[in-house]
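# Examining the three-dimensional arrangement
Now for the letters of each chain:
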Amino acid sequence: MNGAAMLGTLLGCALFASTALAQTGSTDMPIKSFTGDEVGKIEMPALQFKATAADAADYDKYYFFHRAETSFDQAFSDISECDALASGISYYRGTSEPYAGYYAGQYGIGGAIGGAIGAALADAIFGSSERRKVRRINMRNCLGFKGYQRFGLSKELWKKFNFEEGNGREEAETRDAMLLQQTRVASGPKPMQEPLEP
Amino acid sequence: MKVQLALFAAAVALSVSVQAKEKAYVFVETKPVKDAKIVKLEPTKAYIMLRTPNAMPVHFIKLPSAEDQVAYDKLSDEAFVKAQKDYAKALKRYKIDLATAKKVKGTKLPKEPVEPTRETFQYQSFGQVANFTVGAFNRFYSEKGDSGYLQAVTPGKYRIFGQVDPLLGMGVCYCMGSVTFDVEAGKITDLGTMGADIASAGQAEKGDSSSPAAAAYTMALTPASETTPVDPRIASFPRVKANFKAAGKSANYMGIAISRIPPIAGVIAYQRDRILDLKATAPGGSQ
C-alpha cells in the first residue's frame, strides 16, 4: 500500500466514525487509535535549521506545535479539533456536502446563512490575507488552550508540512497528509529550540 | 351550476391562500428597548439586561425547546426535499453538458453532482436559525466607560455565542467554552457586566500578527449581584440574576476568531481545554 492509499484508508475509516458519531451531538468524541505501523509510515518532517534574524521575524507565521508526553492519537484528536474550529467548518462547504474531517462532527453541522453572509462581507472587506491570519490566531489559541507549546521554524521547512488557507481551501488529500505530519511533530521528540509565546 | 363552480373556485383559492400565508414558525423575536425618558415594559414579554464598557455586539443562540425541535425538524425535512429536487435538476443539466462536452475535443468535462442522502445531507444547526444579537447599536444607556443594553427576547434557554455581529462576520466566538441561561416572560434576566479580562489582558508582542492576545481577546463576564446598579427607569419591573451554567464547545460556523468565555467564579473554569461545570461539581450541585 503506498502512502496516499494508506492515508486514504486511515482517513476513510476516520470519516466513517465521524458520520456515525455526529448523530449523538456529543462533544466527547472517542479518540481514533492508530497502530505503530500506521504512525511509522507518516514521514517525520525536518525541523532542524540555522535560524536567521529574518526567520525569527516571521515566527508569527511559521511555527509548529509540540506537547510533552502526548500520544500520537491524542495529538491527532487535538490538531483535528483545532483545524476544524480554525477553518470555520461550515463556511468552507455547502449545506449538503459532508466535511471530511474526523472530529468535525463533534462541533455540529450547518451551512451558515447569516454567518456566510457575514463571512462573505468580511472577505470582501479584508480579503484572503485576513482569513489566513485568523486561521493562524485560531490554531495558536486552540492548541494553546490545550497546553501545546509553539516553536519557530524557517519558511522553507514549514511549507513542507503546513498549509495556509484564506478564502479557499487546500486540497483535502494534501491537508489531511499534512495534518498527520503535524501530529507526528506535535507528539514527537522534544524540540531543541526555546518555545515562543503561545 | 355557474354559482356552484364559482363557489368551488373561491373555496380552492381561499384554501391555497391560507396555505400560502401559513405563518412561518418564529424561533426568536427580539427588539431593543430604546433609551427614553419613560420606559414601559410589557409584563407578557421577557427581557435581558447586559452592561458593557462601550458599544459592542454580543451574539446569542437559542437551545431548542421541544416545540422548537419539531419546527426545526420540519424545516430540515423541507430543505432535504428541496436539495433532492435541486439535485435532479443538476443531474439533468450535467447529462446535457456532458454530452455536449464530449462532442468537442479538448473541452473540460463537467463535474457530476452528488446526490444528497439522509446520511450526507446536513441542514444548518439550530443555533443558526434561532439566535439574536445585542448591540452594537441601540444602547439603553451610555455614559463614559459604561453602557447597557435592554432587549426584549423570546423566552427560552440561550447560549452566549460570542462577541460578534453575524451580519459583519467579524469578532470572537466562545466556541471553546461558554455559558447558558434561561429567560422567562415578565422578568428582566440580568446578565451582569462585561469588562476587561484582567487575567489575559496585555498587548501582543510587536510584530506578532497572529497573537491571540489581540484578535481573540474576550471580555470577562461578571454576573449580576445584589450591588449591581439598576437603572431607575426599570427598577420596578421584576428582575432576576441569570442562572448561568457551563456549556460545551460549539462550531465556529461564522469562520471568525475562536476563544472562550473567561472563567466565572462558581460557574465555569477550565483545565487546559476541558470545560469544568462548577455548579455540577459544587456541594449540592447535580452530578
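Residues numbered from 1 in each chain as written. Chains lettered and ligands numbered in written order. Predicted model: local features only at pLDDT ≥ 70, side-chain atom pairs only at ≥ 80, totals over all residues. Heavy atoms only, no water.

### Quick notes on the overall build of chain B
Assigned secondary structure in chain B consists of five helices and 16 strands. Taking all 287 residues of chain B together, the buried fraction comes to 43%. For chain B, the exposed area adds up to about 16,200 Å²; of that, 59% sits on carbon and sulfur atoms. (Helix = DSSP H or I, 4+ residues; strand = E, 2+ residues; numbered from the N terminus. Buried < 20%, exposed > 50% of the residue type's maximum accessible area, 1.4 Å probe, protein only. Areas by Shrake-Rupley, 256 points an atom, 1.4 Å probe, with all protein chains shown as cover.)

### Concerning the packing of aromatic side chains
Applying the stated criterion to the full structure yields 17 aromatic pairs over all chains. Note on F64 of chain A and F151 of chain A: the rings are 5.4 Å apart at their centroids and 20 degrees apart in plane angle, and the pair reads as stacked. Linking F64 of chain A in strand β1 (residues 63-66) with F151 of chain A in strand β2 (residues 149-152), this pair joins segments that are 87 residues apart in sequence. A residue is classified by how much of its surface remains accessible, and F64 of chain A, at 3% relative accessible area, is buried. Taking 5.6 Å as the distance between ring centres and 45 degrees as the angle between the ring planes, the aromatic pair formed by Y72 of chain B and Y123 of chain B counts as tilted. Highlighted residues: Y72 of chain B in helix α2 (residues 66-103) and Y123 of chain B in the loop between α2 and α3 (126-129), separated in sequence by 51 residues. Y123 of chain B matches Y72 of chain B in its accessibility class, with the two residues each being buried. Just above the ring of F34 of chain A sits the side chain of K32 of chain A; from NZ or CZ to the centre is 4.9 Å. The side chain of R260 of chain B reaches across the aromatic face of Y270 of chain B, ending 3.9 Å from its centre. (Phe/Tyr/Trp six-rings, centres within 6.5 Å; stacked < 30°, edge-to-face > 60°. Lys NZ or Arg CZ within 6 Å of the ring centre and 35° of its normal.)

### What about the packing of helix α4 (residues 72-87) of chain A against helix α7 (residues 172-186) of chain A?
Residues and elements named next belong to chain A. One can describe the packing of α4 onto α7 by two numbers: an axis separation of 9 Å at closest approach and a directional angle of 130 degrees. Relative to α7, α4 is oriented oblique. The handedness of the crossing between α4 and α7 is right-handed. The residues of α7 that touch α4, namely those facing F72, A75, F76, I79, D83 and S87, are R175, L179, L180, Q182, T183, R184 and A186. (Axes fitted to C-alpha atoms, helices over the stretch in contact; angles between N-to-C directions. Parallel < 35°, antiparallel > 145°, perpendicular 65-115°, else oblique. Left-handed = near helix turned anticlockwise from the far one by under 90°. Contact = heavy atoms within 4.5 Å.)

### A short note on the confidence of the model for chain B
All names here are of chain B. Averaged over every residue, the pLDDT of chain B is 87; the share at 70 or more is 90%. Here helix α1 (residues 2-20) stands out as the element of chain B with the lowest mean pLDDT, 48, in contrast to strand β9 (residues 178-183), whose mean of 97 is the highest. Residue range residues 1-8 is modelled with pLDDT below 50. Its contacts to residues more than four positions away, or to other chains, number zero contacts. Of the two predicted TM-score estimates for the complex, the pTM is 0.80 and the ipTM is 0.80. (pLDDT = per-residue confidence, 0-100.)

### Here we look at empty space enclosed by the protein
Residue and element names in this part refer to chain A. Counted under the stated rule, the structure contains two cavities of 30 Å³ or more. A volume near 240 Å³ is recorded for the largest cavity. Lining of the largest cavity is provided by 17 residues; of these, Y63, M139, W158, N162 and Q182 occupy positions nearest its centre. Mapped by element, the contributors of at least two residues to the lining of the largest cavity are β1 and α5 (114-145). For the lining of the largest cavity, the element with the most residues is α5, which contributes five residues. (1 Å grid on protein atoms, 1.4 Å probe; cavity = no way out; pocket = protein on both sides within 12 Å on 5 of 7 lines; lining within 4 Å. Points joined across faces, edges and corners; volume = space filled by probe spheres on them.)

### A short note on the nonpolar core
All names here are of chain B. I48, F60, I160, F181, F244 and I261 are the most contacted members of the largest nonpolar core, which has 39 residues in total. A per-element tally of this core places α2 first, with five residues. For F181, the contacting residues outside a window of four places in its chain are I48, F60, G156, K157, Y158, I160, T189, L191, A242, N243 and F244. (Core = buried A, V, L, I, M, F, W, Y, C linked by side-chain atoms within 4.5 Å.)

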